[in-house]
Structure formats: structure tokens, C-alpha cells
Amino acid sequence: MKLGIGTYTYGWAFAAHPSSLTLAGLLDRACALGAAVVQIADNAQPDQLSTAALADLRRRAADSGLELELGGRGLTQANLDRFIELASLLGGRLLRFVIDAGDYRPEPPEIASRLRAALPRLRDRGVTLALENHDRFRAAEFVQIVQTVADPCVGICLDTVNSFGALEGPEVVVATMAPFTVNLHLKDFTIRRVPHQMGFVVEGTPAGEGRLDIPGTLAALAPHNRCRTAILELWTPPAATVSETLRQEEQWAERSMANLRCMNGLEARK
């Protein structure tokens, strides 16, 4: 599968006001890091871009030999329609979606019904939609939604850490979701006991330096031959200042990509 970065590789940079990283700058960083794919997700507000800006991003990516993917949040009818169109304008073949947004928290029957209704548009534009596992549903519930839709245009974006919020670790999530996974979010982590000993903290690490079994994850996905791209995401803890946080985030991205480029099963940019 092709190795990439995304706007959640640089979550702090895109959260800064004003953002310390532009989407054009993200494409430049992708090239410097050896990424083959760039996933532009909801934290960069791609739905606020003009048609001209989208066309410019598509041209820049093509000139750099990069594939683009899109990410949306809040699986309402309006959002789904808008982001399918945006993916098409960007030339992206994959649209990752987080179901919930704010107070919008639909139940599985509504989710499946909305996805089935979107199938003609997905097929027409050559887009595969990937539902990302977040912490409200367990892995088996995501699989049930995808099985209900029962179409290759809809699969799962497997995030290796999110499901801790649903009391499921990577072993359960990967084993359950692997046959349906079309996109992977590689997010490494560590778990440590707090100093007073009464509790634990789950915290991000550079990829390849934490507790995630990345080779095992890739090996579990490989036989199903559905997952085309793996996107590095980082949970970089904040430092004392914004500038230090942004510097650490960039260092983690560099270390992570160096570690990942050495792993079998991941194809970096030539």
C-alpha cells in the first residue's frame, strides 16, 4: 500500500491561528518526506476552498506525482453530497468520513441508509468512501454498517488508536476490520501510568517508536488486498509554547516517515 501524510499528521499546525501550514506547503512537505499520498481532511476545511483553489491543488499534486485523498466529518446528507463532489474535483479516489460531528450522532440504520443512497454518486465519480472508526461504536458495529451497505464503494478507514475510546485495542480492531479496510491511519502510541499510580495515559509517539505492531498490522491487511493507502497521523503532545509544539510535530513527522519507509508493505514516493 502507498504511504502518505495528511492534515492530521500536522494537527497542531492546522489548528494554529492563523494556520502555520498551507495545503500547498503540505504538498511540499509530502515530497520532502517521501510520501506518495496526501490526505486533506476536515481540520483543513477543504469545503471552504474555491473551485479555482481546488483545481490548483489538483494540478500541484499531479505535477509532484502525489495522489490526493479527502476527509470529511459529519455524515449528514448535505456534507456527504458536498464532499463526494469535492473528492471528484480534487481527482481523489478515496473519501474518508468520520460519522459524528457535534450533536449529530446518527444510529447505524440511518448511517447505512444514507450510504446506500450515495452509492450511485460514488460509482459515477469513481470514489470509495471509508468510514473511520471513532470511539462511539465498536469495531463490529462499523463492520455491520459496511456489510449492510454491501458495496465495494464503501469500506473502512482503520485508525489504529481511536477505538481505545470504545474499550478496544488495535489487536481487536485490526482482526475485526481488516477484511473491510480500504484506508489505514497509522497512529502509534504509548501507555504509561500516571505519577500518582492511579490511572493511565494513552499518548502518541512517532510511528515505529511506540507500542503499535505496525508490521503485524500491515501483514493482517495484506491478504485482503483492499487497503491501498496508509496515512501517517500523529498525536503529538503539546510543548510549553506553540513554536516548540510545531517544531516537535515536524520532528515527529520526519522520524515517523523515516521509520515507515523502511517497512515492508509500504510504498514510499520514488
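The structure this text deals with has already been given above.
Fair warning: this is a prediction, and the values are worked out from it, not measured in the lab. (Residues numbered from 1 in each chain as written. Predicted model: local features only at pLDDT ≥ 70, side-chain atom pairs only at ≥ 80, totals over all residues. Heavy atoms only, no water.)

Undergrad: Can you walk me through empty space enclosed by the protein in this structure?
TA: Rolled over the atoms, a probe sized like a water molecule indicates the empty space that remains. On inspection of all chains with the given rule, the structure shows one cavity of 30 Å³ or more. Lining the largest cavity, in full, are Val98, Ile99, Asp100, Glu132, His134, Arg136, Phe137 and Phe142. Here the lining of the largest cavity is composed, by residue class, of four nonpolar, one polar and three charged. (1 Å grid on protein atoms, 1.4 Å probe; cavity = no way out; pocket = protein on both sides within 12 Å on 5 of 7 lines; lining within 4 Å. Points joined across faces, edges and corners; volume = space filled by probe spheres on them. Nonpolar A, V, L, I, M, F, W, Y, C, P; charged D, E, K, R; others polar.)

Undergrad: Before we go on, may I ask you to explain helix α3 (residues 51–64) in this structure?
TA: Turn by turn, an α-helix covers 3.6 residues, leaving residues three or four places apart pointing in a common direction. In a regular helix each residue adds 1.5 Å, so 14 residues correspond to 20 Å; α3 covers 20 Å between its end C-alpha atoms and thus fits that length. Listed as buried for α3 are Leu54, Leu57 and Ala61. Looking straight down α3, one finds that the buried residues subtend no more than 60° of arc, so they occupy a single side. Set apart from the buried face of α3 by more than 90 degrees, the exposed residues are Thr51, Ala52, Ala62 and Asp63. If you follow the buried residues of α3, they end up packed against α2 (23–33), β2 (37–40), β3 (67–73) and α4 (77–90). Just downstream of α3 lies Gly65, where phi reads positive at about 70°. (Helix = DSSP H or I, 4+ residues; strand = E, 2+ residues; numbered from the N terminus. Expected span 1.5 Å × (residues − 1). Buried < 20%, exposed > 50% of the residue type's maximum accessible area, 1.4 Å probe, protein only. Arc of directions from axis to C-beta. Contact = heavy atoms within 4.5 Å.)

Undergrad: Please clarify how the environment of Asp63 should be interpreted in this entry.
TA: You can see Asp63 is positioned in helix α3. What makes Asp63 exposed here is its relative accessible area of 60%. As for Asp63 and Val98, which are separated by 35 residues in sequence, their C-alpha atoms are 30 Å apart.

Undergrad: How do you make sense of the nonpolar core when you look at a structure like this?
TA: As a rule of thumb, nonpolar side chains are buried together in soluble globular proteins. Core analysis: the biggest nonpolar cluster contains 76 residues, and Ile5, Tyr10, Val38, Leu115, Leu122 and Leu260 have the highest contact counts within it. Once residues lying within four places of it in the same chain are set aside, the contact partners of Leu122 are Ile84, Val127, Leu129, Cys153 and Val154. (Core = buried A, V, L, I, M, F, W, Y, C linked by side-chain atoms within 4.5 Å.)

Undergrad: Would you take a moment to explain the packing of α3 against α4 for this structure?
TA: Orientation of α3 relative to α4, taken along the N-to-C sense of each, is 45°, at an axis distance of 8 Å. By the criterion of interaxial angle, the relationship of α3 to α4 is oblique. Residue-level contacts link Leu54, Leu57 and Arg58 of α3 to Leu86, Ser88, Leu89 and Leu90 of α4. Split into classes, the residues belonging to the contact of α3 with α4 amount to five nonpolar, one polar and one charged. (Axes fitted to C-alpha atoms, helices over the stretch in contact; angles between N-to-C directions. Parallel < 35°, antiparallel > 145°, perpendicular 65-115°, else oblique.)

Undergrad: In this structure, what is going on with the pattern of salt bridges? I would like to understand it.
TA: Once the charged atoms of two side chains with opposite charge are near each other, the side chains can pair. Overall, the coordinates contain 22 salt bridges when judged by the stated rule. Close ionic contact of Arg136 with Asp100 constitutes a salt bridge, the shortest N to O distance being 2.6 Å. Separated by 36 residues along the polypeptide, Arg136 in the loop between β5 (128–132) and α6 (139–149) and Asp100 in the loop between β4 (94–98) and α5 (108–125) bring together distant segments of the chain. A relative accessible area of 22% means that Arg136 is categorised as partly exposed. Between Glu110 and Arg114 there is a salt bridge, with the nearest N and O atoms lying 3.3 Å from each other. Linking Glu110 with Arg114, this pair stays in helix α5, spanning four residues, or about one helical turn. Judged by relative accessible area, which is 18%, Arg114 ranks as buried. Three or more residues joined by partner-sharing salt bridges are found here, namely Asp42, Arg73, Arg96 and Glu132. (Salt bridge = Lys/Arg side-chain N within 4 Å of Asp/Glu carboxyl O.)

Undergrad: I'm lost on the environment of Val201 in this one. Help?
TA: Among the structural elements, Val201 can be located in strand β9 (residues 200–204). Given the relative accessible area of 24%, Val201 is considered partly exposed. Remark: the alpha-carbon pair of Val201 and Thr190, spanning 11 residues in sequence, is separated by 8.1 Å. Non-local contacts of Val201, meaning those with residues more than four positions away in its chain, are made with Thr190, Ile191, Arg192 and Val194.

Undergrad: Looking at this structure, I do not really get unusual backbone geometry. What am I missing?
TA: The phi angle of most residues is negative, glycine excepted, and most peptide bonds adopt the trans form. For the bond running from His17 to Pro18, omega is -5°, close enough to zero to count as cis. Mapped onto the secondary structure, Pro18 falls in the loop between α1 (11–15) and α2. Positive phi is not limited to glycine here, since Gln197 has a value of about 75°. Counting through the fold element by element, Gln197 comes out in the loop between β8 (189–193) and β9. Under the relative-accessibility criterion, Gln197 is labelled partly exposed at 48%.

Undergrad: How should the packing of aromatic side chains be read in this particular structure?
TA: Describing an aromatic ring pair means giving the distance of the ring centres and the angle of the ring planes. Scanning all chains against the criterion turns up three aromatic pairs. Arranged with centres 5.7 Å apart and planes meeting at 75°, the rings of Phe83 and Phe97 form a pair that is edge-to-face. One end of the pair, Phe83, is in helix α4; the other, Phe97, is in strand β4, with 14 residues separating them in the sequence. Residue class for Phe83 comes out buried when judged on its relative accessible area of 3%. Judged by its relative accessible area of 0%, Phe97 is buried. Ring centres of Phe137 and Phe142 lie 5.7 Å apart, and the angle between their planes is 80°; on these two criteria the pair is classed as edge-to-face. According to the relative accessible area criterion, Phe137 is buried, its value standing at 5%. The positively charged end of Arg29 is found above the aromatic ring belonging to Tyr10, 4.9 Å away from the centroid. (Phe/Tyr/Trp six-rings, centres within 6.5 Å; stacked < 30°, edge-to-face > 60°. Lys NZ or Arg CZ within 6 Å of the ring centre and 35° of its normal.)

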